[in-house]
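Spelled out, the chains give:
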Amino acid sequence: MGLTKQYLRYVPGPIFNVIASLKSNAVFVELRAQVGRYVAAGACENVIIWDSKTGEKINTLLGEKHCVTVLKTSPNNRQIAVGYEDGVVRLFDLHSGECLVTFSGHKSAVTCLSFDTDGMRLVSGAKDTNIIVWDTVSEAGLFRLSGHKGPITKCCFLESQNILVSSSIDTLVKFWDLDTHHCFKTLVGHRSEVWDMVVMKDDRYLVTGCSDSELRVWKIRFPNAEEEDEKQKATPKKARNDSDEEEKEDDDDEKDDEDDDNSILQCTKIGTILRQGRDRVLSMTTDASRSILACHGMDSIVELFRFHSEEEIQKIFSKRQRKFKKQNPDSKEEFTVALQDEVLRIKSIQASAKVKAIDIYVSSKEELKLLVLLRGNSFEIHVADTKISNKNEMTKVGALSIPGHRTDVRALSFSSDKIALASASGESLKIWNRGSQNCIRTMACDYALSILFATGDRNVIVATKTGKLQIFDIAAGRLLEEIPAHEKEAWSVAMSPDLRGIASGGADKKVKFWQFELVPDLAGEQMEEDGRGHGKRLSLAHTRTLQLEEDVLCVKFSPDHRLIAVSLLDSTVKIFFVDTLKFFLSLYGHKFPVLCMDISYDSSTIITGGADRNIKIWGLDFGDCHRSIFAHEDSILGLQFVSKTHLFFSCGKDGKLKQWDADNFENITTLSGHHGQVWTLAVSEDGKYVGTAGHDRSIRLWERTQEPLVLEDERETQREAEADQALALGEDRVIPGIKAGEEASLPGRKTVETERAAERIMEAVEVHKEVSQQLAEYRDKLDQHKQSGKDVSQTPVAPQTHPLMVAYDTTDPDRYLLKVLRQVKSSEVEEALLVLPFHYVCSLLTLLDQLLQKGWETELVMRILLFIVRVHHGPLSNTPSLLSILNRLQSVARKRVDEVRDRIGFNLAGLQYLQRELEEREAVQLFADASDRVKQKRKQRRNKDKAKQRAILTL
């Protein structure tokens, strides 16, 4: 057996450069008893909480693999619900940052989340057209609602009724009765997609936004509730005012329009609000009181509206009516409340870039704070200092943009001491501290294509899309020189091995060689005064030019400074001698242009990767191709060797970073993390760190550990992961008792975790059966031994405890089964039970009977029991051996549930008594404090009077 080559494992490290992802929104959160200062924003798979005043990162809520799509805070501001791209919803604690519960029900990305007024229920909508209502207290799903034909865009609870409103891009708005789990009303008045909606002002208004520039306003009424209020008030007709008569007329009109609609809710369109933007509505939001509406489209304008209360509407209507009668005394026209009486437009806000999402907060002092998340990886906060009106000005009080680039990072480079990392994008160059991931310097630059640190790590050279080479001074944070190197794009720059110059290649079919030189710094007098320099700065002197027949895409020196490799647009790589620039080799074999390449430390091997998704390994002695590897599923954009080894990394548009061995042509490991294309990579001098930048705006560090990596084990782990994924994404099950296509169904879905939970339950049933049989045999032998009167030395030996029971720290098989059931996540119990075969269900039913007899975990046992009986009702009722068990369970279950109900009622009464005691104490304390304040004011008044008398006597 030959020796196995060992490798060291690379693990994911920190993620930075992301302020807020494009796929997610941002919301205000309450931390340290402050609202309006801290902002939570989705950053790839994590959620980052930022301090808008200091720009610091307060906390990070860690996700797993998939990107965050939507955020929503709970009404008590203690939890935040996070929806992900794979359909998972997680509930986090804002103070500790821990994940409280995970809900798995959707098959695609979650698009909207909403809490009810108490925060007890959470509703989620997704691209799979389904709506799921979750119970945040019992940590389980309640039901799934199906009816829309397109992705869900918004879900809202009506506070006054147990009703859910949902909108979708199928142009429909549906009203769902949460008691009966069915849709009882559908609005079909939209001609295009409903992109967002909000419920305003005590559930009286519904505002929808579509693909045009109008906001449609609908009036919501509950006829049954209004009739009850009228009966209670018993107000005579003569005492009714004009507004009541108008409401009655509107109701009559609605009844005429909806003769066949006997639902508990009536929704009528009362008008439209014209927005300033001409494109579609992107999102809308309201404050906590649902009186302020903020909306925006695809542009940079955010518009604010205020919905008046009933008293304000009546005042405005009366004023307009009096004015009209004064101007037209002979007119007999009847007045009705118009939409302009109910809605007030507040001044619009012009953001600095296109808006992605917004959030709004109104303080107790009527100070309006508006959070504007921009598409350029930044956000702004605007504040209105005065009372909310159409005359107040919104002032920009904060913005966060320094910790991230506005556009995708296109180039990365490590410094020679691996302390600093330089990143360049379409608008700026940033220098990062690799250890703390803090941005040290930010300098404006042109669209960058390639970047490197100059000798000494004090300067950075950037090759730009305009063909210029820009030299930056890191210490001073300024642009030193801008050299027009190429007539078109400067695609690549490479450092010469002697560290005395660089080579640049561009689309003008030229490779230019440059020498470092120090020139007088005309703008460096300030540096001389500070003692930081002697009036010299770095510059580049053009020495030679290599003219080629095609555009140059990449340039690389061999480490021995003998050869230079140039990739061309004709899909070939030309190799020349550095000293004479004579042609040496031509490497052809790629079907598309080579976009990246690198040469090993011993100058014996060159690797090339291109748009044909292949990596080719060549020998530099004769130009022979050692191996061609189909490496990525899309174009390869980055290749680099690890120093002093033949190991190299590659990245591509498929979003993966892969490590390879150029000697045996093996794929060592695949590192997944980016959500989109990976544009570039950089490997540190010692190979300990690998940096990547992608289309998701993130810069990720990958760190080498001392953990050995064995290829066979890695392949086995990868095959198991693929098998689990295929099992979880298999065909949908046919659930007994639930017909396909119904509006209401089970909320969960099959995942790898539910399959494993089912396996643990089946294993626990088998272990319980085996251990119970052994204990029964032991008791029989023990009874026979006692009856025979044999010697004590011949006493039967007790069976050994099962290893799994030892792991669960118990010797009782019932306790072991209960612990296994308790460890299944509450949101996955139903899905795990659906996987169980029927003979395991029968065995589990018998064991649940034993647990109920002992009164252990009545709530959990009853939940499992009721679900099993509901799903398998037919087979269970037709099994004669189970009828006696079912009859016994019926009586025992009622008894145990009554005990739990009595216990809860007793505890609730005790808590209410304690609450009344505390309220009485607080009332007494408040009265005492008020009397003390009155005495203190009187004392201050007497002191002032005495001071005045002394002043008069002195005069």
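What you are looking at is a predicted structure, and each value in this text was computed from that prediction instead of being measured.

Asks: Would you explain the packing of helix 7 (residues 752–788) against helix 11 (residues 838–854) in this entry?
Replies: Helix-helix packing is described using two parameters, namely the angle between the two axes and the distance between the axes. Where helix 7 meets helix 11, the closest approach of the two axes is 10 Å, and the angle between their N-to-C directions is 65°. Relative to helix 11, the element helix 7 is oriented roughly perpendicular. Between helix 7 and helix 11 the crossing geometry is left-handed. Side by side, helix 7 and helix 11 meet where Met762, Val765, Glu766 and His768 of the first sit next to Tyr840, Ser843, Leu844, Leu847 and Gln850 of the second. Its residues placed into classes, the contact of helix 7 with helix 11 shows five nonpolar, three polar and one charged.

Asks: Is there a simple way to explain empty space enclosed by the protein in this structure?
Replies: It is the rolling of a water-molecule-sized probe over the atoms that shows where space remains empty. For the structure on display, the rule yields one cavity of 30 Å³ or more. Quantified by volume, the largest cavity comes out at close to 50 Å³. Lining the largest cavity, in full, are Gly141, Leu746, Pro747, Gly748, Ser827, Glu830 and Glu831.

Asks: Looking at this model, I keep getting lost on the nonpolar core. Mind explaining?
Replies: Where a protein is soluble and globular, its nonpolar side chains tend to be buried together. Leu833, Leu848, Ile864 and Ile868 are the most contacted members of the largest nonpolar core, which totals 46 residues. Mapped onto this core, the elements with two or more residues apiece are helix 7, helix 9 (813–823), helix 10 (829–835), helix 11, helix 12 (858–871) and helix 14 (880–954). The biggest single contributor to this core is helix 11, with nine residues. Look past the residues within four positions of Ile864 in its chain and what remains in contact with it is Leu821, Val829, Leu833, Leu844 and Leu848.

Asks: Please clarify how the confidence of the model for the protein chain should be interpreted in this entry.
Replies: Low pLDDT means the predicted atomic positions in that stretch should not be read closely. Summing up the model confidence of the protein chain, the mean pLDDT is 85 and the portion of residues at 70 or higher is 89%. Segment residues 234–260: pLDDT under 50, and 21 contacts once partners within four positions in sequence are set aside and those in other chains are kept.

Asks: Is there a simple way to think about a nonpolar patch on the surface in this case?
Replies: Residues Leu911, Tyr913 and Leu914 make up a contiguous nonpolar surface patch of roughly 320 Å² in combined accessible area. Note on placement: Leu911 falls in helix 14. For Leu911, a relative accessible area of 54% puts it in the exposed group.

Asks: Please explain the sheet that holds strand 53 (residues 666–672) as it appears in this structure.
Replies: To summarise the sheet geometry, strands pair through backbone hydrogen bonds and adopt either a parallel or an antiparallel arrangement. Pairing within the open sheet is antiparallel, and its four strands lie in the order 50-51-52-53. Since the sheet does not close on itself, it has two edges, and those belong to strand 50 (636–641) and strand 53, each with one partner. Put simply, the sheet's adjacent strands are angled 20° from each other on average, direction ignored. Pairing of strand 52 (residues 656–661) with strand 53, which is carried by six bridges, proceeds in the antiparallel orientation. The partner of Asp661 across the bridge, within strand 53, is Glu666.

Asks: Explain the pairing of strand 7 (residues 79–84) here, please?
Replies: Two faces belong to every sheet, and in a regular strand the side chains alternate between them. Within strand 7, six of the six residues are buried, which leaves it mostly tucked inside the rest of the structure. On strand 7, burial covers both faces: Gln79, Ala81 and Gly83 on one face and Ile80, Val82 and Tyr84 on the other are all buried. When strand 6 (residues 68–73) meets strand 7, the two strands line up antiparallel, connected through five bridges. Paired with Val68 across the two strands is Tyr84, which belongs to strand 7. The antiparallel hairpin formed by strand 6 and strand 7 contains five residues in its connecting segment, where Asn77 sits at a positive phi of about 60°. As judged from the five bridges shared by strand 7 and strand 8 (residues 88–93), these two strands associate in the antiparallel manner. Paired with Gly83 across the two strands is Val89, which belongs to strand 8.

Criteria and thresholds
- Residues numbered from 1 in each chain as written.
- Predicted model: local features only at pLDDT ≥ 70, side-chain atom pairs only at ≥ 80, totals over all residues.
- Heavy atoms only, no water.
- Axes fitted to C-alpha atoms, helices over the stretch in contact; angles between N-to-C directions.
- Helix = DSSP H or I, 4+ residues; strand = E, 2+ residues; numbered from the N terminus.
- Parallel < 35°, antiparallel > 145°, perpendicular 65-115°, else oblique.
- Left-handed = near helix turned anticlockwise from the far one by under 90°.
- Contact = heavy atoms within 4.5 Å.
- Nonpolar A, V, L, I, M, F, W, Y, C, P; charged D, E, K, R; others polar.
- 1 Å grid on protein atoms, 1.4 Å probe; cavity = no way out; pocket = protein on both sides within 12 Å on 5 of 7 lines; lining within 4 Å.
- Points joined across faces, edges and corners; volume = space filled by probe spheres on them.
- Core = buried A, V, L, I, M, F, W, Y, C linked by side-chain atoms within 4.5 Å.
- Buried < 20%, exposed > 50% of the residue type's maximum accessible area, 1.4 Å probe, protein only.
- pLDDT = per-residue confidence, 0-100.
- Patch = residues over 30% accessible without salt bridge, like charges linked within 9 Å, V, L, I, M, F, W, Y side chains within 5 Å.
- Areas by Shrake-Rupley, 256 points an atom, 1.4 Å probe, with all protein chains shown as cover.
- Salt bridge = Lys/Arg side-chain N within 4 Å of Asp/Glu carboxyl O.
- Pairing = 2+ DSSP bridges.

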